[in-house]
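One-letter residues, chain by chain:
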Amino acid sequence: MRARAWRRGAAGIRRLALAALLMLVAVPVWAQGALSALETDVDQIGRIARSSVVTVIARNSAQRDAPAGTAAKVSKRTYTRIGSGVAVSDTEILTTASVVLDAEHVWIRTSNDLQVEARLVGLDPISNLALLRVSDLRLPALKFAQGRAAREGDWTMAIGTARYNRERIAQSTGAVAARLREPRLALLQLTNWVHPGFSGGAVVNARGELVGILQGELETPGRATALDAGDRNPGGVSFMLPVESIKPIYESLRAEGHVRHGYFGVSTRAASVESDTRVGLRVPIGALVESVIPDGPAAKLGLKRGDLIVAFEGERVEYPEQLARWVAATPPGTSIELVWVRNDIAQNGRVALLESPDARPAWVLQPTDDPNAPTRISELEKQIQKLNRELARLKNESPPGAH
């Protein structure tokens, strides 16, 4: 009796051991299958979306004075900018204005190496978007994302032209890290790694829909990569203009060739004070009014020369370019709230903006001595430089270009 009971117990133990062994074997197999399925999904999203992303090639000629003592008076040289673009219809491509600004000729090259000349329909330097149109081929359009706006933690894939890889379309995965909240024009910060040439590229979600256009990237000081010498490091932080901001700009460029901007009717200059904590550091405190245009919104609000504008729609104003961009990004007819200081007394009021007579305000274009360098939106560039300096300070490193 005891022997039979022992055999039954031993058989039960063997069954339990076999079940446990099967479980140990099954878990890795299941996990491996899930990872394989995930890789397949990512590859499929990238493969489909990549066919809608193109390389944008913009060329312009610049004249420069010839060196002293030479016979020629003026030398002429052709400069080329390389960026990315996204097909949003079978003949239309969105890219960044900084890639095609002042270009005499623009070409697009597809992922299967077809190249045709494109026509510039219009551009908006405020949002840094431009619309191109082609007539000699049909492109697979990338659909705009529907539903809720992208938010922190959402998975993203960035697709663009990697100049280091013979101008081939490349991709990287990441996520939305933060939303930079500013009046009228939101930017989303991503963790996707991007390379020179990704500007104007696509950012897609897990459904392969367009959620944004790549605007720029933040270089992290001191980071080493495996790229060949002479190539700029890829950026570990990138920015995109989200689809909810892109749509109205796209429709305006499509219909009118430009975007209608707000107009306040005031000229300002920078104002700053000495820092209390760091010797020699000037802290920006707002936009100092130099003149007010008669019958403009600023005049109706009662602003005068010498007033210091310190807030716009509840956001602190630090320098004039910032205020100018916020005003320009506001649709004409919109009522805005302003706070200014006169004789050390804060004042505030609301007024409706008019329409700016300038489609391309001169202040928004970042001057550069190198015609080959892409023109950037000055406010975004300042923000990136500010973040770089702060990052370098926290890491006790010298920022790029510091003296």
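Up top is the structure.
Residues numbered from 1 in each chain as written. Predicted model: local features only at pLDDT ≥ 70, side-chain atom pairs only at ≥ 80, totals over all residues. Heavy atoms only, no water.

> Break down the overall build of the protein for me, citing the residues and quoting the values.
Check the secondary structure of the protein and you find six helices and 20 strands. Sequence-distant contacts in the protein: of pairs separated by 6 or more residues, those separated by 24 or more amount to 63%. (Helix = DSSP H or I, 4+ residues; strand = E, 2+ residues; numbered from the N terminus. Contact = heavy atoms within 4.5 Å.)

> Explain helix 5 (residues 320-328) to me, using residue names and the numbers behind them.
In terms of residue burial, helix 5 counts as a mostly covered element, since seven of its nine residues are buried. Among all positions in helix 5, only Pro320, Gln322, Leu323, Arg325, Trp326, Val327 and Ala328 are buried. (Buried < 20%, exposed > 50% of the residue type's maximum accessible area, 1.4 Å probe, protein only.)

> Could you give me a rundown of the packing of aromatic side chains, with the residues and numbers involved?
Counted by the stated rule, this structure contains two aromatic pairs. For the ring pair Phe144 and Tyr250, a centre distance of 5.8 Å and an interplane angle of 55 degrees mean the geometry is tilted. With Phe144 in the loop between strand 6 (129-133) and strand 7 (155-162) and Tyr250 in helix 3 (residues 243-256), this pair connects stretches of sequence that are 106 residues apart. When sorted by exposure, Phe144 lands in the same class as Tyr250, which is buried. The interplanar angle of 35 degrees and the centroid separation of 5.9 Å between the aromatic rings of Phe312 and Trp326 together place this pair among those described as tilted. Here Trp326 lies in helix 5 and Phe312 lies in strand 16 (residues 308-312), a separation of 14 residues in the sequence. (Phe/Tyr/Trp six-rings, centres within 6.5 Å; stacked < 30°, edge-to-face > 60°.)

> Please set out the pattern of salt bridges residue by residue, giving values where relevant.
Where charged atoms from two side chains of opposite charge come close, those side chains can pair. This structure, assessed with the given rule, holds 15 salt bridges. Note that Glu92 is salt-bridged to Arg133, the shortest N-O span being 2.7 Å. In this pair, Glu92 is assigned in strand 3 (residues 92-95) and Arg133 in strand 6, connecting sequence segments 41 residues apart. Classification of Glu92 as buried rests on a relative accessible area of 3%. Residue classification places Arg133 among the partly exposed residues on the basis of a relative accessible area of 24%. The partner of Arg148 in a salt bridge is Asp154, and the shortest N-O contact between them spans 2.9 Å. The network of salt bridges with common partners includes Glu92, Arg133 and Arg254. (Salt bridge = Lys/Arg side-chain N within 4 Å of Asp/Glu carboxyl O.)

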